[in-house]
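Per-entry structural report
Here is how the chains run, residue by residue.
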Amino acid sequence: MARQGVLVEPYCRLNQEQIELIHKESMSILMEPGILCFNHDAMELFTGHGAEAVRIETEGAPCWQLKIPEKTILDAVNSAPDTIILGARDKENSLVLNAHEPRVRFASGSEANNWLEVDVEAFTRKRDPDVEMLVPVFREEKGTLDRLAKAAHLSQHLENWDSFLRTINIQDDDINDDNKDVNKFFASLDNTTRHVMSGLTTVEQLAPTVKMAEIIAGGRDKLRENPIISFITCVVKSPLQFVDDTSAKAIEIAKHGLPVVLSSSPQGGSTAPIKEDGMVAQINAEIVASIALAQLANKGTPVLYGSVPTRARMDDLNESYGFPEFNQYNIDCVQMARYYGIPCYSSGGISDGKVPGIQASVERLFSHLMVALSGPQYLHYAFGLLDRTNTFCPVQAVLDDTHIDMIKRFATQPNVNDAEVTESLNQIRKVMGTSHKLYVRYARSKIRAGEISPVYPFEGKGMVDETLMLARERMDSILSLPRRHLDKETRDRVFTEIPGILARLKND
Amino acid sequence: MTEDIISLIEKNVIQGRVTQEDEGLEDDMVGQPGVTELTEKALEEGLTAKDIIGALTAGMDVVGKKFEAKEYFIPDMLASAEAVGAGMELLEPHLASSGIEPKGKVIVATVKGDLHDIGKNIVSILLRGAGYIVKDLGNDIDPLTIAQAVKDEKPQFLGLSALLTSTMLRMGETIQALEANGTRSEVRVVVGGAPVSEEFAKSIGADGYGADGFQAVRVVEALSSNS
């Protein structure tokens, strides 16, 4: 039994006419101006299937202007499966993503450079030194393998964390481009039995990473049946440029037949139009062109429609995730993915705020809720991300798990039918016949069925907000639990057969 | 058979079932006799009030332990207390002939101007479940009516409830009415409700304050043992 997530009645911003209009706008973009392509193999794949390429003379890398007709795009997109499996070490944690079923699963992301610790320190009041208060104090650390493993361990014990998308960028002194991928995948797979997704640092690291996954999954065929890992690659640099490096990665991953997110992340107002239709049409063009590339490399390979549209701040032109427009863009993209029948990797639950607090809570809850209600199959950015995507905070992830539980309960479909109506009428009539007129006893069966939302678990007792302190306690208690490592035989094989795995990870 | 009824009464208290129409915590209990039907049957078969109270108390002890172990929740406590209260109400006419002294009598009321009675009703259920005889005057009850009821019924305790900051002032007036009709020294007054505090209770001369229904019962129990 795979993880079920929550099935929603999808909230839609676009009507069918608007969806068709944006599709046409995207197709028009891919013909005029077309898309710049810096990868030779990608250019050849497209030109072999009806696209036109014109060499652009530049002083830098070779580049072609591709004009891709609608038929090329749709033929390729239609060959992508509408249902894909993201497997897991523990098969009960696998995810079955069906593009036509708005069932939402929540995942982490992104690849933050910083890890934010929440310490709790005692302060005395200046005007009354007898009064002491406990206050959360934040400490920024760099991302390391050990912290990535810690985050994976945390994911194992947070019920709503459906898939572990690498949370932090590992910056240990003994990590380099040639060993980064195998080590980050190993540290993740060795500490969580949820699905593991990550990007690739170099295309050369793909083969050893896949080989490691095959060892862990039990062989080549077993990995294809139960793909315990998947990849994400941002093929297009916005606006409208196929990048050499990521195009190569997308092609190679597609050839391996493993699930891959083809993502794009333009900023409305800087690298995409700020107006809704223009932004959505451009990102949609970028994503469907990326999906087409993967399908042309290997027809039928499992892909996700990876939409990460953001909006530029108008005060410094940095990207921002806290604006209502972030939600609008993302919801529109979820609808576009559904239109093409491709499972959607969407974005929600992130904040511009640098630390857990009011700004972080408001911004992340806004997109956690609204984007989830639109029904993407895979909602990333949902755990612990702060300061745009620069910081991962494990205490924030603990809070997010609780908030996602609330959202899932809210999004549950109403249970109104003849049997329920009869039961309610019986209750009302019986209670009105009592002196106390209380329905409390009828809550009992619902509590035991798990249908009653619990009290907020981080509620303080006094006039001090204890949320972060209590969430920190919960995190500490989770991290003290034993880790679900791979079995010894599998670990030994990985350390023997996979080049680049750091020996120090053996002792974890 | 006698033992069966006693154990069934205990079991149904644990299941929080007042009548045969109530669901329990186990499947398919609807239609089987609850505490009301079982108590009636026990009396018909000549069981003593003492034996039946023993079963009710034993059931409630189990419920208390399950609550402490976090196996039971507050709605379970309340359902069980309601079942015990229903049994005690049936036994009330038989107590004197069985030589059993009730734990005490409590009058409860929501004060004048206030129609909110959830808290008062919860306290009533819990007090009955704890073995007290409870007379509920209802809500929006003026001080003189309450004072007269105390004079007529001679309870050991008076529980006053208010939800509004404006109506909580009637609690003090009610205590003054008790002074005026000479019953204040005969009854312990316990107050409660959302705006009420320990400090306020002291300021109006109440004997106790319950922050919630469970504390209200504990306060009454403590005052009982001190008297």
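Higher on the page you've got the structure.
First, a word on scope: everything that follows refers to the structure included in this document. Per chain, residues are indexed from 1 in the order of the written sequence. Both sets of labels track the order of writing: A upward for chains, 1 upward for ligands. Thresholds applied to this predicted model are a pLDDT of at least 70 for local features of residues and 80 or more for the giving and counting of side-chain atom pairs; totals over whole chains, interfaces and linings are not thresholded and use all residues.

**Considering the overall build of chain A**
Operational definition: Numbering of helices and strands runs from the N terminus; a helix is a DSSP stretch of H or I covering at least four residues, while a strand is a stretch of E covering at least two. This radius of gyration counts C-alpha atoms alone. The globule rule is 2.2 Å times how many residues there are, raised to the power 0.38. Comment: burial labels come from other C-beta atoms within 10 Å of the residue's own C-beta, placed from the backbone, where a count of 20 or more is buried, 12 or fewer is exposed, and between is partly exposed. Residues are scored as being in contact if the C-beta atoms we place from backbone atoms lie within 7 Å.
Helix and strand content of chain A: 16 helices and 23 strands. For a compact globule of 508 residues, the expected C-alpha radius of gyration is about 23 Å, and chain A comes in at 24 Å, within 12% of that figure. Taken along the three principal axes of its C-alpha coordinates, chain A extends 85 × 55 × 55 Å. Taking all 508 residues of chain A together, 50% fall into the buried category. Pairs at least 24 residues apart make up 74% of the contacts formed inside chain A by residues separated by at least 6 positions.

**Remarks on the interface of chain B and chain A**
Reports often express the size of an interface as the amount of accessible area lost when the parts come together. Applied cut-off: Residues were grouped as follows: Ala, Val, Leu, Ile, Met, Phe, Trp, Tyr, Cys and Pro as nonpolar; Asp, Glu, Lys and Arg as charged; and all remaining residues, including Gly, as polar.
The interface of chain B with chain A comprises 16 residues on the first partner and 11 residues on the second. If you list the elements that add at least two residues to the side of chain B that touches chain A, you get α4 (74-95) and α5 (118-129) of chain B. Grouping the constituent residues of the side of chain B that touches chain A by class yields 8 nonpolar, 3 polar and 5 charged.

**Remarks on the sheet that holds strand β5 (residues 208-210) of chain B**
Residues and elements named next belong to chain B. Here is the rule: DSSP bridges decide pairing: two strands pair if at least two such bridges lie between them. Geometry is summarised by axes, namely lines fitted to C-alpha atoms with helices restricted to the contacting stretch, and by angles between N-to-C directions that run from 0 to 180 degrees.
In space, the 5 strands of this open sheet follow the order β2-β1-β3-β4-β5, with parallel pairing throughout. For this open sheet the edge positions go to β2 (133-136) and β5, each flanked by a neighbour on one side alone. Recorded for the sheet is a direction-independent mean angle of 25° between the axes of neighbouring strands. In terms of strand pairing, strand β4 (residues 188-192) meets β5 through 3 bridges, oriented parallel.

**Some remarks on helix α9 (residues 276-297) of chain A**
Stated precisely, the cut-off is as follows: Here, expected helix span is obtained from the residue count minus one, scaled by 1.5 Å.
With 22 residues, α9(A) extends 32 Å from end C-alpha to end C-alpha; this agrees with the ideal 32 Å at 1.5 Å per step. α9(A) sits mainly inside the fold: 18 of its 22 residues count as buried.

**A look at the nonpolar core**
As a reminder, the rule being used: Nonpolar core, as used here: buried Ala, Val, Leu, Ile, Met, Phe, Trp, Tyr and Cys residues forming one set through C-beta atoms within 7 Å.
With 135 residues, the main nonpolar core has V260(A), A289(A), I291(A) and L293(A) as its most contacted residues. In terms of residues, this core owes the most to one element, α9(A), which gives 13 residues. In this structure, I291(A) is in contact with A76(A), V77(A), A80(A), L262(A), V303(A), Y305(A) and I342(A), ignoring residues within four places of it in sequence. Judged by nonpolar contacts, the second largest core, of 66 residues, contains L56(B), A86(B), M88(B) and M168(B).

**A short note on the packing of helix α1 (residues 16-31) of chain A against α9(A)**
Describing two packed helices takes the angle between their axes plus the distance from one axis to the other. Residues and elements named next belong to chain A. The criterion, for reference: Throughout, a crossing is termed right-handed when the near helix is turned clockwise from the far one, and left-handed when it is turned anticlockwise from it by less than a right angle.
Relative to each other, α1 and α9 sit at 65°, their axes nearing to 8 Å. For the pair α1 and α9, the crossing hand works out as right-handed. Contacts between α1 and α9 pair I22, E25, S26, I29 and L30 from the former with D277, V280, A281, Q282, N284, A285, V288 and A289 from the latter. Across the contact of α1 with α9, the residue classes tally to 8 nonpolar, 3 polar and 2 charged.

**Concerning the sheet that holds strand β21 (residues 378-380) of chain A**
Across a sheet, paired strands are connected by hydrogen bonds in the backbone, their directions being either parallel or antiparallel. All names here are of chain A. In spatial order, the strands read β1-β7-β21-β20-β17-β15-β12-β11-β10; together these 9 strands make up an open sheet with mixed pairing. Both edges of this open sheet fall to β1 (6-7) and β10 (163-165), since each of them pairs with a single strand only. Pairing analysis gives 3 bridges linking β10 to strand β11 (residues 195-198), with the strands arranged parallel. When the sheet's bridge partners are listed, F164 is paired in β11 with V196. The sheet strands contacting α9 are β15 (260-264) and β17 (303-307), and the helix crosses β15 at an angle near 150°.

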